[in-house]
Amino acid sequence: MPDTHSPDQDNNSLDWGQNQRAVVDLLEPLQERIVEEIVNRVSHGGLKDMSAAELQETARAIAETIFTDMSSSIDLQFTARDKALHEKQDSIVRLESERKVTKNILESAPVGIVRLDSDFVIKEVNAAFIEIANLKERSQISDKHLNEICPGIGIARFEKALAAGQTYQVQAEVGVFGESDTRFFDWAAWPVTAEFGLRDGLIAMFTNISDRVTLQQQREDFVATLTHDLKTPILAA
């Protein structure tokens, strides 16, 4: 016969087991109260001269009082538990919403962002990093060592950042993605703390500043040429 057992049944069984435990925890001190109340009345002679019917009625009154308290205690217990559960669920929803917003921001960022584990294996990248790596698919990068994608970057510097627990920054570096890569990048790497079972690692951010470097070089060349041209007639005279 097919197995009709479902995970929900396990969850319901678990909840029922927890509820039973909660009831038992409440009953134990209440049982002690019953015994204490009866002993107290006996010791003061309150039950000595009672008939069987009176004793039964007294016991019933004691039980009603105590079990009314027990019912209120159980209601309070489950009300508090339900409230805590709803608050936890609301927190999870808010956290998930914040994660989605953060992920969307990182994915649409105009700079390349990559998450590495402590062995410098690439775990996550955004669209901008895929583009600056001159690749088309995320699968071409994921779970590959950083050296395979950025052979010119030098892992030693990432090791230093991870060991020191500090940010490592480099400006206007050429050859990040190989010797033939003539682009210039500003990049930084900083360690991150693991959560939800993820290993400690690094976040690295790459900004392509090739256009800015080229513009700066053109500006410097223009100033040098202009200065030379202005000096030449004076010297010739």
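As shown above, the structure is provided for reference.
Residues numbered from 1 in each chain as written. Predicted model: local features only at pLDDT ≥ 70, side-chain atom pairs only at ≥ 80, totals over all residues. Heavy atoms only, no water.

Enquirer: Can you help me understand the pattern of salt bridges in this one?
Expert: For side chains bearing opposite charge, pairing can occur when the charged atoms are close. By the definition in use, this model includes six salt bridges. One salt bridge in this structure joins Glu124 and Arg115, with 2.8 Å as the shortest N-O distance. With a relative accessible area of 41%, Glu124 lands in the partly exposed category. (Salt bridge = Lys/Arg side-chain N within 4 Å of Asp/Glu carboxyl O. Buried < 20%, exposed > 50% of the residue type's maximum accessible area, 1.4 Å probe, protein only.)

Enquirer: What is the right way to look at the packing of aromatic side chains in this model?
Expert: Remark: the centre distance and the inter-plane angle together describe each pair of aromatic rings, the angle taken between the planes. If you walk through the whole model with that rule in mind, you get eight aromatic pairs. Ring geometry for Phe129 versus Phe206: centroids 5.5 Å apart, planes at 55°, classification tilted. In this pair, Phe129 sits in helix α3 (residues 127-132) while Phe206 sits in strand β5 (residues 201-208), placing the two residues 77 residues apart along the sequence. An identical accessibility class is assigned to Phe129 and Phe206; each is buried. (Phe/Tyr/Trp six-rings, centres within 6.5 Å; stacked < 30°, edge-to-face > 60°. Helix = DSSP H or I, 4+ residues; strand = E, 2+ residues; numbered from the N terminus.)

Enquirer: Would you mind showing me how to read the side chain of Asn126 here?
Expert: Along the chain, the position of Asn126 falls in the loop between β2 (122-125) and α3. At 2.9 Å, the side chain of Asn126 forms a polar contact with the backbone nitrogen of Ile113. Those residues in contact with Asn126, other than ones at most four positions away along the chain, are Leu106, Glu107, Ala109, Val111, Gly112, Ile113 and Arg138. (Polar contact = N/O pair within 3.5 Å; in protein donor to acceptor, adjacent residues only side chain to side chain. Contact = heavy atoms within 4.5 Å.)

Enquirer: Just checking my understanding: could you explain the nonpolar core for this structure?
Expert: Nonpolar side chains in soluble globular proteins tend to be buried together. Ranked by internal contacts, the top residues of the largest apolar core, which has 26 residues, are Phe129, Phe158, Phe177 and Phe206. Counting only elements with at least two residues in this core, the list comes to β1 (112-117), β2, α3, α4 (146-149), α5 (155-164), β4 (184-192) and β5. Apart from the residues lying within four places of it in its own chain, the contact partners of Phe158 are Leu116, Phe120, Leu146, Ile153, Trp187, Ala189, Leu202 and Ala204. (Core = buried A, V, L, I, M, F, W, Y, C linked by side-chain atoms within 4.5 Å.)

Enquirer: Is there a simple way to explain the sheet that holds β5 in this structure?
Expert: Across a sheet, strands are paired by hydrogen bonds formed along the backbone, either parallel or antiparallel in direction. Spatially, five strands are ordered β2-β1-β5-β4-β3 in an open sheet, and the strand pairing comes out antiparallel. Every other strand in the sheet has two partners, leaving β2 and β3 (168-174) as the edge strands with one partner each. Sheet twist, expressed as the average angle between the axes of neighbouring strands with direction ignored, equals 20°. (Pairing = 2+ DSSP bridges. Axes fitted to C-alpha atoms, helices over the stretch in contact; angles between N-to-C directions.)

Enquirer: Any chance you could explain the environment of Thr207 here in plain terms?
Expert: Here Thr207 is to be found in strand β5. Setting aside residues no more than four positions away along its own chain, Thr207 makes contact with Val111, Phe184, Phe185 and Asp186.

Enquirer: Got a minute to help me understand the pairing of β4 in this structure?
Expert: Residues in a regular strand project their side chains so that they alternate between the two faces of the sheet. Judged from the five bridges that link them, β3 and β4 form a sheet pairing that is antiparallel. What sits directly across from Val174, in β4, is Phe184. By the bridge criterion, eight bridges tie β4 to β5 in an arrangement that is antiparallel. Bridging from a neighbouring strand, Phe185 pairs with Asn208 of β5.

Enquirer: Hey, could you run me through the pairing of β2 in this one?
Expert: Pairing geometry for β1 and β2, over three bridges, is antiparallel. When the bridges of β2 are listed, Val114 appears paired with Val125. Linking β1 back to β2 in an antiparallel pair, the connection comprises four residues, with Phe120 at a positive phi of about 65°.

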